[in-house]
Amino acid sequence: MAKRDGGEGDRGTVVTPSAEFPPLDPDELRALRRIGDRWRAARPGRPPGGDILPVDPTLRRHPGQPAPTRFGRLAPIAMFRVGEPDELVAAEPANLPGTRFGRAGTRLRRVLFGPPLSSAAVLYERMRKLVALPVLSSDLLSSVAYGPEAMLAVLLLAGSGALGLSLPLAAGLALLMVAVGVSYRQTVAAYPHGAGSYIVAGDNLGAGAGLAAAAGLMMDYVLTVAVSVSAGVKAVTSAVPGLTGWTVPLGLAVVGVLLAGNLRGVRTAGNLFVLPTYAFVVALLALLAVGWFRVAERGFVPVDPPPVPAVEGLGLLLVLRAFSSGAVSMTGIEAVSNAVPAFRPPEWRNARTTLTWMVAMLVLFFLGLIGLIHLSGLVPTAEQSMLSQLARVTFPRGPWYGLVQAATAMILLLAANTAFNDFPRLLFFMARDGHAPRRFLHMGDRLAFSNGLVALTAAAAVILVAFRGRTEALIPLYAVGVFLAFTLSQTGMVVHWRRRRGSGWRRRATINAVGAVFSGLVLVTAAVAKFTEGAWVVVVAVPLLILLFRAIQRHYRTLHRSLALHPPPAGPVPGPPVVPARPPTAGPAAPEDEELPEQVRHLVVVPVARLNRSSLRALAYAASLGQPTLAVHIAPEEPEADRFREQWQAWGDHLRLETIVSPYRAVIGPLAHYLEALHASRADLVLTVVVPEVVVRSRWHRLLHSRTEQRLRAALRRLPGVVVTSLPVHPDE
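Residues numbered from 1 in each chain as written. Predicted model: local features only at pLDDT ≥ 70, side-chain atom pairs only at ≥ 80, totals over all residues. Heavy atoms only, no water.

Confidence in the prediction for the chain averages 77 pLDDT; 75% of positions are at 70 or higher. In this model, residues 70-77 is a region of pLDDT below 50 whose contacts with residues beyond four sequence positions or in other chains number seven contacts. Counting contacts from residues 572-593, a segment whose pLDDT is below 50, to residues more than four positions away or on other chains yields 34 contacts. (pLDDT = per-residue confidence, 0-100. Contact = heavy atoms within 4.5 Å.)

Right, dumping it as structure tokens:
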């Protein structure tokens, strides 16, 4: 696992390309040393580092610089250089594929995403605060474009007279925003190397709570992309109604652009999205300033909203539904705590400052918009967003309405970038703990978590298509997952402070407890009030995801137990061991024996279809290994088997031959079952199957040859102690 440094908290997280290669634990290191002692005793006189090789592995026997040849004026580029201490370092050209098609694909990828970055550059792929603010706040700030409208749309079900409740509800939501924001400031300080809800809940409440928080966050991030993009497309279609029929294709195109931008790396993506976010902030400040100035000119007298008949009674359940709908304006508030490692040093201090700016702007924009909408007498409509209506009323003339809509559309379309930043990082932390596939530990060419980015893109695209890009259909799914993560994270922080009991722990625990209570109330309200509207999907999906995470971890635990080093008996071996032949009924070798070369007994098997240059080369290679060798021929009928035996005798019968008649003309099945029978009769033997493989240059020529080696490897993959290797033969073409 990646090293964790507790700092002020129980544990932090370090994001590094080396996370794919976790170190051995102390028990495995001790076992490794004891196995090494057995090797040394069993192979006396061998120099450290092994026998003298026929080639120089450091590639320094030809130090001369490459020179141009008559076939080309440009000299070939060296693929490796010798670093310190005596290790080879692969140069960038060594990453290029060997085929012309592969090299063309690599060049195209580098044009789109940029040249590869070295692992050492991970320290420089950090964001300063002015860049981190737009990257991490785009989701949070953009939610004010649809959060107030979602709350008002629920209140409107009780008639236009119920819209007056928007003011006290907005005040309550503002208090919730401040409470949760202050709580996450404490999380950032307690976990200075980054920790989202998954790590905080898992550390303090147990693995189950951590997985529940992770499941909620994963759904939140996917829905963030879907909701932000659909809301951005709606802003575009509000200004240009003729594009309404292209909602889904436009949304998919935006998701593709976001994927391409983030595959270029964290810093590059941040630079791409800085301008749209700051443009939205400026546009919204201008809208609020002009709007409130005009309201002040008329003495803050509210305009009566158009009469809308009630379709539901005004009750507590409706009010709670409206409150939970407005709470979607808080989605993205956790982004900073999850992305602390992406900041420049001092990471946690810069992250906390950025979070403070984000929460302050969120409260200002949310309260300012709700108050301005109320005083302007606006109501939600299906044809036009609330922000669009407010912009038309505030800027009835001039280009300002278009500029506000353009900035709103850009921030909504790019708000999903917060999810693109945090979703892969969450998968990284989960994969490091074995709860997600390990491929999510891998960093791509640009030091971005490419696999996580692609997974998020695919999931969001499916949601967009399934819900036809309708924001109002996605909102009910939104609040449950994110507030589940909020609640578990803040509850975990309460336990964290109670355990540490440092200076001021009671005050800190109280702050987190208030955030946990408020978040829990919104969670329960959203789950109950919106259950039939679609929240049931999240309620059902979270337990299913937890079961999936646990199944993945069980597989990795089983794999680790089976591959872990087993220490041999204590004490060195006095000399090379004498290994007696095991009887046919002997079981497999003990695990510790399999790690010592003198304990491995071989049988090399060469399938031979016909005696030609490729098969004779395979037989020569097998015999050169100095191990017992058996040739096997599969014949479709007895006469052909007799003919092959005659040819074998003409060759000289240098190796033992076994012919198998396959009257049903199958080859792979009989051969695989024969090898399985050999393995069963002597389970202590390692069967090395050498298959001659004809390698052709043209891709379409491959269709003319059977892939015997691949088919045989697939048939024998489940058998332990069976090795299938191919001996390539390149014909003259």
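Phi angles above zero are rare outside glycine, and phenylalanine 300 is one such case at about 60°. Among the structural elements, phenylalanine 300 can be located in the loop between helix H9 (266-297) and helix H10 (316-326). In this structure, arginine 501 is a non-glycine residue whose phi angle is positive, near 50°. Structurally, the position occupied by arginine 501 is in the loop between helix H18 (478-500) and helix H19 (505-529). We classify arginine 501 as partly exposed; its relative accessible area is 47%. (Helix = DSSP H or I, 4+ residues; strand = E, 2+ residues; numbered from the N terminus. Buried < 20%, exposed > 50% of the residue type's maximum accessible area, 1.4 Å probe, protein only.)

Taken together, the side chains of Phe531, Trp536, Val539, Val540, Leu544 and Leu547 present a nonpolar region at the surface, about 560 Å² in accessible area. The topology assignment puts leucine 547 in helix H20 (residues 531-563). (Patch = residues over 30% accessible without salt bridge, like charges linked within 9 Å, V, L, I, M, F, W, Y side chains within 5 Å. Areas by Shrake-Rupley, 256 points an atom, 1.4 Å probe, with all protein chains shown as cover. Salt bridge = Lys/Arg side-chain N within 4 Å of Asp/Glu carboxyl O.)

Another point: helix H8 (residues 247-263). Along an α-helix, residues three or four positions apart point the same way, because every turn accommodates 3.6 residues. Taking 1.5 Å of rise per residue, the 17 residues of H8 would be expected to cover 24 Å, and the 25 Å separating its terminal C-alpha atoms lies within 8% of that figure. Among all positions of H8, only Thr247, Gly251, Val254, Val255, Leu258, Leu259, Gly261, Asn262 and Leu263 are buried. (Expected span 1.5 Å × (residues − 1).)

As for its placement among the helices and strands, serine 388 is situated in helix H13 (residues 386-394). The class of serine 388 is buried, set by a relative accessible area of 0%. Engagement of the side chain of serine 388 in a polar contact is seen with the side chain of tyrosine 401, the distance being 2.7 Å. Apart from residues lying up to four places away in sequence, serine 388 is in contact with Ser238, Tyr401 and Gln405. (Polar contact = N/O pair within 3.5 Å; in protein donor to acceptor, adjacent residues only side chain to side chain.)

Considering soluble globular proteins, one finds that nonpolar side chains tend to be buried as a cluster. Ranked by size, the top nonpolar core spans 155 residues in total, and within it Val225, Val229, Phe420 and Phe483 carry the most contacts. Considering every element that reaches this core, the biggest residue donor is helix H7 (residues 207-239), with 19 residues. If we ignore the near neighbours within four places in the chain, the residues touching valine 229 are Gly251, Val254, Val255, Leu258, Leu412, Leu413, Ala416 and Leu464. Core analysis: the second largest hydrophobic core is formed by 20 residues, Leu603, Ile634, Leu675 and Val724 among them. (Core = buried A, V, L, I, M, F, W, Y, C linked by side-chain atoms within 4.5 Å.)

Summarising the element assignment, leucine 167 is placed in helix H5 (residues 166-190). By relative accessible area, which is 38% here, leucine 167 ends up partly exposed. Note: C-alpha distance between leucine 167 and glycine 371 (204 residues apart in sequence) is 6.9 Å.

Another point: the pairing of strand S6 (residues 685-694). Counting buried residues along S6, seven of its 10 residues qualify, which places the element largely inside the surrounding structure. As paired strands, strand S3 (residues 601-607) and S6 are joined by five bridges and run parallel to one another. Opposite valine 604, over in S6, you have threonine 688 as the bridge partner. When S6 meets strand S7 (residues 722-729), the two strands line up parallel, connected through eight bridges. Counted as the bridge partner of valine 694 is valine 729 from S7. (Pairing = 2+ DSSP bridges.)

Counting buried positions along helix H6 (residues 197-205) gives seven out of nine residues, so the element sits mostly inside the fold. Within H6 the residues assigned to the buried category are Ser197, Tyr198, Ile199, Val200, Ala201, Asp203 and Asn204. Considering only its buried residues, H6 is in contact with H5, H7, helix H15 (417-432) and H18. Immediately beyond the C-terminal end of H6, within one or two residues, lies glycine 206, with a positive phi of roughly 110°.

Looking now at a positive patch on the surface. A cluster of basic residues, Arg550, Arg554, Arg557 and Arg561, forms a positive patch on the protein surface. Mapped onto the secondary structure, arginine 557 falls in helix H20. With relative accessibility at 49%, the residue arginine 557 sits in the partly exposed group. (Lys, Arg positive; Asp, Glu negative; His and termini not counted. Charge placed at Lys NZ, Arg CZ, Asp CG, Glu CD.)

Here histidine 435 shows up in the loop between H15 and helix H16 (450-466). With relative accessibility at 6%, the residue histidine 435 sits in the buried group. In terms of polar contacts, histidine 435 uses its side chain to reach the side chain of tyrosine 198, at 3.0 Å. Each residue touching histidine 435, except ones within four places of it in the same chain, is listed here: Tyr198, Leu211, Met430, Phe549, Ile552 and Gln553.

Spatial ordering of the open sheet is given by S5-S4-S3-S6-S7, a layout of five strands whose pairing is parallel. The open sheet terminates on both sides in strands that have one partner only, identified here as strand S5 (656-661) and S7. Taking each pair of neighbouring strands and ignoring which way they run, the sheet shows an average axis angle of 25°. Against the sheet, helix H22 (residues 638-651) engages strand S4 (629-635) and S5, with an angle of about 165° to S5. (Axes fitted to C-alpha atoms, helices over the stretch in contact; angles between N-to-C directions.)

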